Amino acid sequence: MLEEWQTSWKNDVTGRKIYNIMPSVSLRPTNWIREDVIFFFQHGPFSAYLKRFHLSDSDYCSCGGIGTALHYATECIYIVSWHMRKPAPNFEQEWLKRVANNLVSRQKIRGIIKFISENRYLSRPP
């Protein structure tokens, strides 16, 4: 069963960002909490996500940038306290992998998600 699951996970077309962070399936639970899942799956209170699923008319953050998870973690002027260095576009997957495997970085991500969730104005366009 694990071999089938691994083969399916390896060959599927969806979930590639998570696959690049966790390429092997396992029956052991991860130590991720809700905020980690929201950030790395990029399904949550992000303007770009809300627009993609027609829950908002705009994908812009209230600061004027495109409201992706990466935008909030690295650029949004309203979340400077939790900013991390923005990766070069060709290193985004490696950056996500390093953040996922670094507890201090994940603590920052958790702070960002909680802040965005509590401050819905960030999902509104300027």
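About the cut-offs
Residues numbered from 1 in each chain as written. Predicted model: local features only at pLDDT ≥ 70, side-chain atom pairs only at ≥ 80, totals over all residues. Heavy atoms only, no water. Helix = DSSP H or I, 4+ residues; strand = E, 2+ residues; numbered from the N terminus. Buried < 20%, exposed > 50% of the residue type's maximum accessible area, 1.4 Å probe, protein only. Polar contact = N/O pair within 3.5 Å; in protein donor to acceptor, adjacent residues only side chain to side chain. Contact = heavy atoms within 4.5 Å. Axes fitted to C-alpha atoms, helices over the stretch in contact; angles between N-to-C directions. Parallel < 35°, antiparallel > 145°, perpendicular 65-115°, else oblique. Nonpolar A, V, L, I, M, F, W, Y, C, P; charged D, E, K, R; others polar. Phe/Tyr/Trp six-rings, centres within 6.5 Å; stacked < 30°, edge-to-face > 60°. Lys NZ or Arg CZ within 6 Å of the ring centre and 35° of its normal.

A. Region of interest: the side chain of Ser 56. Note on placement: Ser 56 falls in the loop between α4 (47-52) and α5 (69-74). Since its relative accessible area comes to 18%, Ser 56 is described here as buried. Within the structure, the side chain of Ser 56 is placed 3.1 Å from the backbone oxygen of Ser 58, a separation counted as a polar contact. Ignoring anything within four residues of it in the chain, the contact list for Ser 56 reads Leu 50, Lys 51 and Ser 123.

B. Examining the packing of helix α3 (residues 34-41) against helix α7 (residues 103-118) more closely. One can describe the packing of α3 onto α7 by two numbers: an axis separation of 9 Å at closest approach and a directional angle of 85°. As judged from the angle between their axes, α3 and α7 are roughly perpendicular. Taken together, the residues of α7 that come into contact with α3 (itself represented by Glu 35, Asp 36, Ile 38, Phe 39 and Phe 40) are Arg 106, Ile 109, Arg 110, Ile 113 and Lys 114. Considering only residue class, the contact of α3 with α7 consists of five nonpolar, no polar and five charged.

C. Inspection of the packing of aromatic side chains at higher detail. Scanning the entire structure with this criterion turns up six aromatic pairs. Ring plane angle 65° and centroid distance 5.7 Å describe the contact between Trp 9 and Tyr 19, whose orientation is recorded as edge-to-face. Note that Trp 9 is positioned in helix α1 (residues 2-11) and Tyr 19 in helix α2 (residues 16-21), a separation of 10 residues in sequence. Each member of the pair, Trp 9 as well as Tyr 19, is classed as buried. Three or more aromatic residues joined by ring pairs form one cluster here, namely Trp 32, Phe 39 and Phe 40. For the cation-ring pair, Arg 16 lies above Trp 9, with the distance from its terminal atom to the ring centre recorded as 5.1 Å. Here the basic side chain of Arg 16 rests over the ring of Tyr 19, its NZ or CZ set 4.5 Å away from the ring centre.

D. Focus on the environment of Glu 94. Mapping Glu 94 onto the fold places it in helix α6 (residues 92-100). Residue classification places Glu 94 among the partly exposed residues on the basis of a relative accessible area of 36%. Counting along the chain gives 74 residues from Glu 94 to Asn 20, while the straight-line C-alpha distance between them is 8.2 Å.

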